[in-house]
Amino acid sequence: MTAQPKVRLRNLYKIFGPIDKTVLEHVKAGMSKDDLLAQHNHVLGLQDINVDMQAGEITVVMGLSGSGKSTLIRHLNRLIEPTAGEILVDGEDVMALSKDGLRGIRQNKMSMVFQKFALLPHRTVQQNTAMPLLVRGEDPAACEAEAVKWLERVGLAGYENHYPAQLSGGMQQRVGIARALTANTDIMLMDEAFSALDPLIRTDMQDLLLELQKELHKTIIFITHDLDEALKLADHLVILKDGAVVQQGEPQGILLNPNDPYIEDFVSDINRARVLRVKSVMGPLDDTTQYAGDVDVGDSLEKLISISGGETGQAYRVLDGETPVGQLDMRDLVKALVPRVSSSKAED
Amino acid sequence: MAFYDGVFKTLGLEDWCGEAASNAPLSMADLLAKAGGEKAEAAGPIFPFPSLDHLNKSCDSVIQTRDLTKGIEDGFLAAKPALKSVLDPLTQPLSWMLDGALYLFNVVPWFIMIPLLVAISWYASRSKGVTIFVAFSICLLAFIDHYDVAMQTLSIIFVCTGISVLLGVPIGIAMSRSDSLQRATVPVLDLLQTLPTFVYLIPLIFLFSVTESKLYGIAIILYAIVPVIRLTDLGIRLVDRDVIEAANAFGMSSRQKLIGVQLPLALPNIMAGINQTIMMSLAMVVIASLVSAPGLGVNVLRGIRNLELGVGIVAGVGIVLLAVILDRVSKAALSRVDMTRVGH
């Protein structure tokens, strides 16, 4: 882990209601969400959230609807005010900022992509894309050039003068992403950015995001309710339930080692062969074994199965680049495909 | 004796009642009774409602209803000098504007005015049909020698609508930003909208001289400003929350939000409010002819007063024509605004 996380959330609480600060004591004393609603008529949004988001990584926050994930992302730029807790961006306390300071951080440090796109319907695609720069008061001609550049990058060259209503949902979200990229901020907040799109386009957009990320190394905070999407994108996965973090860590680790029945239910429907990587199930090198071939640490188990042709009696040497780092017995691979495996083969 | 005598007696109020001899003005019934030498109360109902007048018959210290209306009138007259000294200079520019507009519309010759109006309607509506209809209607009015009165009506509407928009849009914006201001303003708007149009004129006649044009100007503006305020407020409140959230997330200041997002997206609603404002000022300008507003309304009034049926009907049709012109042009402008919003 790197020295300073880009974004840190410390003991973050959010309670919706008029006297949230008063009922906070009850929550800290252990009152449940249902009791809080029944006895005090306040809704518990988030409780005791501690998450570190590293620079250049995609942190995915996953949970079902009502788990507080959209509430959580809106705390990072204080679209929602927390009841208690600290929000640190580059070590700077967002809670201590004045109104102007907050506007500054929204303009220069964070950009946001929305589930419902939230484009300005009366502006053209190009004007929408240039909006974050125009808000900062930059030279309109330069803004325009920047907007055209990013529109081309997300595959919308030629649509500059269309209005959002003339585009399909997928294209509108590309504009949303182009808008966030034009802002040229280190941090991108994506609130269920692909949830409103149909499955094929969603896959396209996920690929586009990963491709852009390879090049730009932004700190992305991505909200989703879809585990497949979360596993595909995440460097760091945070699972929320009823406003609390149930488990967080490297996605492969969570998949192999769910620490809560809630997560077990979640991961049981996953195509594990496609999601799990060789790295997560390999064992230490042992010179006595005969290797049937070499595989890369980043290969998926699915790929390995097709290489082996379904043979389970073999073992493969695992290479990281050129150096051998471990070996994989096909029997371990098959075991890893069954949900709720014992923790012996997993690494966190 | 009167019905409620017993009540005052049992309450032990006889002394208090006897103190004041009534000095209220006589009612017509009392006057007739005095003249005829009969007892007025003889014809009264067996069990009257304990109203002020009936209680007064048993006890002189209770005021009569006529004292109440007289009190209101006296109060108004007493407050008049102070109110007038504040309102008169404040509203004087309205008189100048109305007189100026009337002068301008009359002094510009028809061969400049008609093409100008047609050009304006083309610019606003960008619709051939509407523009041709406007040209046809104005020429028709001019052909039957109603050009001058129609222009007077039009000039009053231009001034009053313009001022209504200038005042109404900022008020609407302020209302959309503050719930407490909205709660305070809505009853006033309801009152302005439900007051019978003639009632507007009563306090104004007391305050200002009937010869001043601001008298009818104020009446028209008070009546017509309501829809533009309401729809500005509504339009801004109806702007998509997601879009506002995006504007916040990218750090727009409230000024940037208002000019760049809220007003453009509320524009179709604001335009609908302006359309209603124009229609309502046209309705009021006819009634305002009772207090010396010039224009087509005067002819309608003449039709009623002198039973000149034809004069009244022609003027009425002229008003309808003006109404249709103004409505079509402003609606066409509205739909044009809506089009750019959808972007087709």
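In this numbering scheme, every chain counts its residues from 1 along its sequence in written order. In the order they appear in the text, chains get letters beginning with A and ligands get numbers beginning with 1. pLDDT decides what is reported in this predicted model: residues at 70 or higher carry local features, side-chain atom pairs at 80 or more are listed and counted, and totals for whole chains, interfaces and linings draw on all residues regardless. Side-chain figures throughout are based on the complete set of non-hydrogen atoms in the structure, without hydrogens or water.

Q: Explanation requested: the environment of B:Ile156 in the structure shown.
A: Residue and element names in this part refer to chain B. Runs of E in the DSSP output that reach at least two residues are strands. Runs of H or I that reach at least four are helices, and both are numbered from the N terminus. Here isoleucine 156 is to be found in helix 8 (residues 147-177). When a residue's accessible area, from a 1.4 Å probe over protein chains only, is under 20% of the maximum for its type it is buried; when over 50% it is exposed; and in between it is partly exposed. Judged by relative accessible area, which is 1%, isoleucine 156 ranks as buried. With 55 residues separating them along the chain, isoleucine 156 and alanine 101 place their C-alpha atoms 7.3 Å apart. Here a residue-residue contact requires only that any non-hydrogen atoms of the pair lie within 4.5 Å. Not counting the four nearest positions on each side in its chain, isoleucine 156 is found in contact with Leu98, Leu102, Tyr216, Ile220, Val285, Ala293 and Pro294.

Q: Would you mind showing me how to read unusual backbone geometry here?
A: Notably, A:Arg78 is not glycine yet its phi reads approximately 55 degrees, a positive angle. With respect to the helices and strands, the residue A:Arg78 is situated in the loop between helix 3 (69-76) and strand 4 (84-89). Looking at A:Arg78, the relative accessible area reads 12%, which means it is buried. Of note, B:Ser292 is a non-glycine position whose phi angle comes to about 75 degrees, a positive value.

Q: Would you take a moment to explain the pairing of strand 13 (residues 323-329) of chain A for this structure?
A: Remark: a regular strand shows side chains that alternate across the two faces of the sheet. Residues and elements named next belong to chain A. DSSP bridges decide pairing: two strands pair if at least two such bridges lie between them. Across 6 bridges, strand 12 (residues 315-320) lies against strand 13 in antiparallel orientation. Pairing of alanine 315 across the sheet is with aspartate 329, part of strand 13. In this structure, the hairpin formed by strand 12 and strand 13 is closed by a connection of 2 residues, where glycine 321 is found at a positive phi of approximately 75 degrees.

Q: Please explain the interface of chain B and chain A as it appears in this structure.
A: Frequently, the measure chosen for interface size is the accessible area that the parts lose on association. Listed by partner, the interface residues are 20 residues for chain B and 27 residues for chain A. By buried area we mean how much accessible surface two parts lose on assembly, using a 1.4 Å probe and totalling the loss over both. Between chain B and chain A, the buried area comes to about 1900 Å², and carbon and sulfur atoms account for 65% of it. Of all residues in chain B, the largest losses of buried area upon contact with chain A belong to B:Glu245, B:Ala249 and B:Phe250, amounting jointly to 33% of the total for that side. We define a salt bridge as a contact between a side-chain nitrogen of Lys or Arg and a carboxyl oxygen of Asp or Glu at a distance within 4 Å. Linking chain B with chain A are 1 salt bridge. For the salt bridge of A:Arg74 with B:Glu245, the shortest nitrogen-to-oxygen distance reads 2.4 Å. Polar contacts, as used here, are pairs of N or O atoms within 3.5 Å; protein pairs need one atom able to donate a hydrogen and one able to accept it. Residues neighboring in sequence count only if both atoms are side-chain atoms. The tally of links from chain B across to chain A stands at 7 residue pairs in polar contact (both at pLDDT 80 or more). If one sorts the elements of the side of chain B that touches chain A by residue count, helix 12 (residues 241-249) of chain B sits on top with 6 residues. Taken together, the residues that form the side of chain B that touches chain A break down as 9 nonpolar, 8 polar and 3 charged. In this classification, the charged set is Asp, Glu, Lys and Arg, the nonpolar set is Ala, Val, Leu, Ile, Met, Phe, Trp, Tyr, Cys and Pro, and all remaining amino acids, among them Gly, are polar.

Q: What is the right way to look at the sheet that holds strand 11 (residues 294-296) of chain A in this model?
A: Strands pair in a sheet through their backbones, by hydrogen bonds, and they do so in one of two ways: parallel or antiparallel. All names here are of chain A. Within the open sheet, the 3 strands sit side by side as 11-12-13. Their pairing is mixed. Each end of this open sheet is capped by a strand with a single partner; those strands are strand 11 and strand 13. Within this sheet the neighbouring strands show an average axis-to-axis angle of 40 degrees, counted without direction. Bridging between strand 11 and strand 12 involves 3 bridges; their strand directions are parallel. If you follow valine 295 over to strand 12, its bridge partner there is valine 318. Sheet strands in contact with helix 14 (residues 301-308) are strand 11, strand 12 and strand 13, and its direction is about 135 degrees off that of strand 12. Each axis is a line fitted through C-alpha atoms, and for a helix only the stretch in contact is used; angles between axes span 0 to 180 degrees, taken between their N-to-C directions.

Q: I would appreciate a short explanation of the packing of aromatic side chains in the present structure.
A: Any aromatic ring pair is given by two values, namely how distant the centres are and how the planes are angled relative to each other. Residue and element names in this part refer to chain B. Pairing of aromatic side chains here covers Phe, Tyr and the six-membered ring of Trp, requires ring centres within 6.5 Å, and sorts the geometry by plane angle: under 30 degrees stacked, over 60 edge-to-face, intermediate tilted. Within the structure shown, the criterion is met by 5 aromatic pairs over all chains. Between phenylalanine 76 and phenylalanine 206, the aromatic rings sit 5.6 Å apart at their centres with planes inclined by 55 degrees, giving tilted as the arrangement. Within this pair, whereas phenylalanine 76 is found in helix 5 (residues 65-107), its partner phenylalanine 206 is found in helix 10 (residues 197-207), the two being separated by 130 residues in sequence. Phenylalanine 206 sits in the partly exposed class, given a relative accessible area of 30%. Each ring, one from tyrosine 200 and one from tyrosine 223, has its centre 5.7 Å from the other, and the planes form 80 degrees; the classification is edge-to-face. In this pair, tyrosine 200 is assigned in helix 10 and tyrosine 223 in helix 11 (residues 213-237), connecting sequence segments 23 residues apart. On the basis of relative accessibility, which here comes to 3%, the residue tyrosine 200 falls in the buried class. Under the relative-accessibility criterion, tyrosine 223 is labelled buried at 15%.

Q: Got a minute to help me understand the pattern of salt bridges in this structure?
A: All names here are of chain A. A complete count under the given rule lists 31 salt bridges over all chains for this structure. Glutamate 81 serves as the salt-bridge partner of arginine 78, at 3.1 Å between the closest nitrogen and oxygen. On the basis of relative accessible area, glutamate 81 is assigned to the partly exposed category, the value being 36%. The shortest N-O distance in the salt bridge between glutamate 211 and arginine 153 comes to 3.7 Å. Of this pair, glutamate 211 sits in helix 8 (residues 199-216) while arginine 153 sits in helix 6 (residues 140-153), placing them 58 residues apart in sequence. Given a relative accessible area of 45%, glutamate 211 falls into the partly exposed group. One salt-bridge network, in which partners are shared between bridges, spans Lys6, Asp90, Glu92, Lys109 and Asp186.

Q: Is there a simple way to explain helix 3 of chain A in this structure?
A: One full turn of an α-helix is made of 3.6 residues, so residues set three or four places apart face in the same direction. Residue and element names in this part refer to chain A. Burial analysis of helix 3 places 7 of its 8 residues in the buried class, which makes it a mostly covered element. Where helix 3 is concerned, the buried positions are Lys69, Thr71, Leu72, Ile73, Arg74, His75 and Leu76. Positive backbone phi, at 55 degrees, marks arginine 78, one or two positions downstream of helix 3.

Q: Got a minute to help me understand the nonpolar core in this structure?
A: Side chains of a nonpolar character, in soluble globular proteins, are inclined to be buried together. In plain words, nonpolar cores are sets of buried Ala, Val, Leu, Ile, Met, Phe, Trp, Tyr and Cys residues tied together by side-chain atoms within 4.5 Å. Counting 76 residues, the largest nonpolar core has B:Met151, B:Ile156, B:Tyr216 and B:Ile220 as its most contacted members. Ranked by size, the runner-up nonpolar core spans 59 residues in total, among them A:Leu119, A:Leu212, A:Tyr262 and A:Leu276.

Q: Explanation requested: the domain arrangement of chain B in the structure shown.
A: The start and end points of each domain follow an automatic or database-based domain assignment. According to the domain assignment, chain B consists of domain 1 (5-63) and domain 2 (81-343). Summarising the inter-unit geometry, the C-alpha centres of domain 1 of chain B and domain 2 of chain B are found 51 Å apart.

Q: I keep staring at the side chain of A:Arg106 and nothing clicks. Help me out?
A: Among the structural elements, A:Arg106 can be located in helix 4 (residues 99-108). In summary, the charge assignment counts Lys and Arg as positive and Asp and Glu as negative, without counting His or the chain termini. A:Glu81 is the oppositely charged side chain nearest to the buried, salt-bridge-free A:Arg106, at an N-O distance of 6.1 Å. Non-local contacts of A:Arg106, meaning those with residues more than four positions away in its chain, are made with A:Asn77, A:Arg78, A:Leu79, B:Asn248, B:Ala249, B:Phe250 and B:Gly251.

Q: What's the story with the sheet that holds strand 1 (residues 7-16) of chain A in this structure? I'm lost.
A: Residues and elements named next belong to chain A. Judged by pairing direction, the sheet is antiparallel, and its 4 strands sit side by side in the order 2-1-4-5 without closing on themselves. At either end of the open sheet lies a strand with only one pairing partner, and these are strand 2 (43-53) and strand 5 (92-93). As judged from the 5 bridges shared by strand 1 and strand 4, these two strands associate in the antiparallel manner. Paired with arginine 10 across the two strands is glutamate 86, which belongs to strand 4. Of the strands in this sheet, strand 1, strand 2 and strand 4 touch helix 1 (residues 20-28), which is tilted by about 110 degrees from strand 1.

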